[in-house]
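# Close look at the chain arrangement
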Amino acid sequence: MNTIRLSVISLALSTLLMGSVTQIQAASGDDITVYSSRKEHLIQPLFEQFTNQTGIEVNYLTGSGGDLIERLKLEGPNTPADMFMTVDAGDLWYAGTQNIFQSVNTETIKSNIPSYLRDPKGLWTGLSVRARTIVYSTERVNPSQLSTYSDLASSNWNKKLCLRTSKKIYTKSLVASIIHNQGEEKASQVISGWVGNLAAVPNAKDSHVMNAIIAGQCDVGLVNTYYYGQLIEKTPEAPVKLFWANQETTGVHVNVSGAGVTTHASNPSGATQLLEWLSSAEAQAIYGSLNKEYPANQNIDSDKIVSSWGSFKQDKMNLSIAGILQADAVKLMQRLGYK
Amino acid sequence: MKEIFFKSNIWVGALALAIALPIFVVGSAWLLPGTDLWSHFAQTLLPELVSSTIILLIGVGIGVSVLGTVLAYLVVMVDFPGRAWLEWALFLPFAIPAYVLAFVYLGVFDYSGYVQVWLREYLGIPGFDIRSGHWAIILTFVLVFYPYVYMMARASFKRQKIQMIEAGKMLGAKPLRVFWRISVPLARPAIAAGLLVTLMETLADFGVVSLFNYSTFTTAIYSAWGDFRSIEVAAQLASLLVVVSFFLIYFERKARGKAKYYSSDVSNIKAYYAKGLKGWLIFLFVFGVFMLSFAMPLFQILIWSAEVFTLEWSDRYFDYFASSGILTISATALIVLIATILALPSRRKSESKTLQLLIRFSTLGYALPGSVMAVGLLYGVQNISLISIYFGGSSINHILFGSVALLLFAYVSRFMAIAYNSTSASSEQIKPVYGQSAKLLGASRLRLIQKVYLPMMMPGIIAGGLLVAVDVMKELPATYLLRPFGWDTLAIRVFELSSEGLYERAAIPALIMVVFGAIIMLIFNKLDSEKY
């Protein structure tokens, strides 16, 4: 009995020790530490490349955006994080309001990334562009029937629309952009029209939306284009296509994934160097192609599959607005029963 | 002697209080000023989610009670073809994380899944959305949680005196009547205990409900936090879950009543023999449950894994596996140790109402969504830091955040209910006479615990430990927020890939988890069958 007890205690103690040791490692030297809500399989190859070129190690911790912002706030000046990376303009904007970022305005970043994809004060920088647009069944829809996001609220699409849940941040930012572009009253007509046209309970994932269209549960939906890219890569013959929304009006709603240097970074110069590198043509080519997103750096071409979808007009609304209006967007959707 | 008891009570009380820390932090959110978010929720989300939470709890509750009890009764009391291997195979679904089962079911049974495609093409049955309404999600929860009730009810049936059932048979009672009037009432405490754990877990679930886009209390909690960045309202809502669980525990205690069946005799004589068609029908039913809840999902995961193995497999998997393994083993050891201390029989003798209440509090963390518990813990540490700074000390945030210690603490708070349920159940079966005779023989308290209580509680300790191990391995939200650098677990890999819709790739870490969970369940079964 005693040996069991001893081993239990020593095991517990040794894990405690290990925990504090890893903590120290994470914060030491010239290393850069990144908190990221962009998933591991999308950032690890990039960091590896950066380390190969510069010799600087990058430690990272993935997590959900909201969780990590909370952790950064509580860690305050003692945070090990030098950089915070996340996947939605609303989260970036919110992190900016919580004094998590310091402003970085280097010429390299300014020349690499267009201004509407950056925070006006330089708190964060967009690193990839994610377009959210219409996807339709090539078997049942003629693209001439399609035009705008708002048009999906018209009675033509009754019981033919599939949408992703309003809980997903991409939906929230899109609705925020509709509120910004068309005003709250028009936006609420659009949302209630969408809800009335739904063929199924809103889906948990963009991939489910496209599966539903392929299976014939609905004819049109809204997705981020890289999910379409994943699908087409796997099943090139899938009878679905992208349609660029709002080309005659405001342009396709785009969101960003991006990053900023933290206020209390212990290695701000390293973090800035990493951020500049991430905005460079070389890194941008990997960054985008890993996930079939659009590069934020406009000087380079998209991945082959991605460029085959053609070019389109983007909504140039400054993305901070998506953050500012997000709470209004959620309230609107919850009021109108968009689950 | 009395003094020592008194002192040890204080220590145990303090321990229980510490474990309940996240609960108190979450509850203290009510001290913060209210916001208008409540009125917004009251007008929008709350009416629907209150009713759908109630429907879900009732549906899942009835489902797991009936399915778990019937299955347990069949494998214990009835001899039918395949009984021996199905008895342990029915434990296996416990090894599949609920969110994995949910995405497999959606992939197979939703409108675009094979089953409905087949039904449409060959039988012309129109497609339907399984996520609308309540039945599909209830069924998913039932299939993933029935092992809790099955496990408890089975142990209880095994201890029922065969004579009582024989007496019932001699009096001419039909099998169904014996089941309903004798076996079930005797097993009621065990069924209630399994049901309690199921309902607490259903209340706290976020993974399954978000895949089905079903509204429960956690929907509002995550909306308050994720959509409106209001941790206060999220914590206030979460504390309501704790209150609900408190009542559930109360009712479970009530259902248990004064029933304490001091019996450890086990007989392996079967009360009924089902031969021929009847036997095969029973086999089909039990086998069907096994297929649906374990074999089919496993098969799907295997197919997916095979499709993308070369793409997804890397050396990183050794790290994921090591992190999962170390966390699971150390957390389990710690939780079981504490649960054993809390449940020692000597505690009951000197039981004070306050101590009992504190111990109950320490098990309530199971009803909190893991993410809320984790943030509660961060704020708890923050408050301690603030107090320390006030007295001229320094902040301890950076020492504890991202340490294994804090993560282990979270596991202890979250899974105490599972371990305690099990250790206390075995402790309650120790007849008071053992303690009394040990005292008469002049044995010290330590010796009494070492030589008498611990060996007698061992089955409960082991059972609790193995259940906790599977739960820790599957745990996602608290690990995701609190883990140290480089401690990514298999569960985190599953989540990161599946949240991007990459289910095929997510199947590989899921498969490893299921295999290890299954091995743990088989060890459990082995030890369990030695016990009988």
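Bear in mind the structure is a predicted one, so any value in this text is a computation, not a measurement.

Let's shift gears to the overall build of chain A. Of regular secondary structure, chain A possesses 12 helices and 9 strands. Taking 339 residues into account, the globule formula puts the C-alpha radius of gyration at 20 Å, and chain A, at 22 Å, falls close to it. On the principal axes, the C-alpha backbone points of chain A span a range of 70 × 60 × 40 Å. For chain A, with 339 residues in total, the buried portion stands at 54%. Residue pairs in contact within chain A that sit at least 24 positions apart in sequence constitute 78% of those at least 6 positions apart.

Here we come to the overall build of chain B. Within chain B, the regular secondary structure consists of 25 helices and 2 strands. Here the C-alpha radius of gyration of chain B, 24 Å, is about what a compact globule of 532 residues would show, namely 24 Å. Here the C-alpha coordinates of chain B stretch approximately 75 × 75 × 50 Å along the principal axes. Out of the 532 residues belonging to chain B, those deemed buried represent 52%. Intrachain contacts of chain B at a sequence separation of at least 6 include 85% that bridge at least 24 residues.

All names here are of chain A. Only one face of strand β7 (residues 240-243) is covered, namely the one carrying Val-240 and Leu-242; the face carrying Lys-241 and Phe-243 has none of its residues buried. Note that strand β4 (residues 125-137) and β7 share 4 bridges and pair antiparallel. Within the sheet, the bridge partner assigned to Ser-137 lies in β7 and is Val-240.

The next subject is the domain arrangement of chain A. All names here are of chain A. The domain boundaries assigned to chain A delineate domain 1 (32-129 + 255-304) and domain 2 (130-253 + 314-335). Each of domain 1 and domain 2 has a C-alpha centre, and these two points are 27 Å apart. Every contact between the two is made by 20 residues of domain 1 and, on the other side, 18 residues of domain 2. Sorting the residues of the side of domain 1 that touches domain 2 by element identifies α4 (89-97), β4 and β8 (253-261) as the ones contributing at least two each. At 5 residues, the largest contribution of residues to the side of domain 1 that touches domain 2 is made by α4. Looking at side-chain class alone, the side of domain 1 that touches domain 2 contains 9 nonpolar, 6 polar and 5 charged residues.

What follows is about the interface of chain B and chain A. Between chain B and chain A, the residue contacts involve 50 residues of the former and 49 residues of the latter. For the side of chain B that touches chain A, the element with the highest residue contribution is helix α15 (residues 316-343) of chain B, accounting for 5 residues. Looking at the side of chain B that touches chain A residue by residue, the class counts come to 23 nonpolar, 20 polar and 7 charged.

For the rest of this paragraph, the subject is the packing of helix α10 (residues 175-204) of chain B against helix α20 (residues 404-428) of chain B. All names here are of chain B. Contact pair α10 / α20: the axes reach a minimum separation of 11 Å and the direction vectors enclose 175 degrees. Looking at the two axes, α10 sits roughly antiparallel to α20. For the pair α10 and α20, contact is made by Ala-193, Val-197 and Met-200 and by Ala-417, Ile-418, Asn-421 and Ala-425, respectively. For the contact of α10 with α20, the residue count by class is 6 nonpolar, 1 polar and no charged.

This part covers the confidence of the model for chain B. The predicted model of chain B has a mean per-residue pLDDT of 89, with 94% of residues at 70 or higher. Confidence estimates for the predicted assembly give a pTM of 0.91 and an ipTM of 0.90.

Residue-level pLDDT values for chain A average 91, and 91% of them are 70 or greater. Throughout residues 19-27 of chain A the model reports pLDDT below 50, and contacts reaching past four residues in sequence, or to other chains, amount to 19 contacts.

Next up on the list: the environment of Ala215(A). On the secondary structure map, Ala215(A) appears in helix α7 (residues 206-215). Along the sequence, Ala215(A) and Ser137(A) sit 78 residues apart, while their C-alpha atoms lie 9.6 Å from each other. Apart from residues no more than four positions distant in its own chain, Ala215(A) is found in contact with Tyr111(B), Ser112(B) and Val117(B).

Once that is clear, we can look at helix α13 (residues 231-256) of chain B. Residue and element names in this part refer to chain B. For α13, with 26 residues, the first-to-last C-alpha span of 37 Å sits near the 38 Å given by 1.5 Å per residue. Among the residues making up α13, those that are buried are Ile-231, Val-233, Ala-234, Ala-235, Gln-236, Leu-237, Ala-238, Ser-239, Leu-241, Val-242, Ser-245 and Leu-248. Along its buried surface, α13 packs onto α2 (21-27), α3 (37-43), α10, α12 (217-227) and α18 (370-390).

Procedures and definitions
Residues numbered from 1 in each chain as written. Chains lettered and ligands numbered in written order. Predicted model: local features only at pLDDT ≥ 70, side-chain atom pairs only at ≥ 80, totals over all residues. Helix = DSSP H or I, 4+ residues; strand = E, 2+ residues; numbered from the N terminus. Rg over C-alpha atoms; globule rule 2.2 N^0.38 Å. Buried ≥ 20, exposed ≤ 12 C-beta atoms within 10 Å, placed from the backbone. Contact = placed C-beta atoms within 7 Å. Pairing = 2+ DSSP bridges. Domains from an automatic or database assignment. Nonpolar A, V, L, I, M, F, W, Y, C, P; charged D, E, K, R; others polar. Axes fitted to C-alpha atoms, helices over the stretch in contact; angles between N-to-C directions. Parallel < 35°, antiparallel > 145°, perpendicular 65-115°, else oblique. pLDDT = per-residue confidence, 0-100. Expected span 1.5 Å × (residues − 1).

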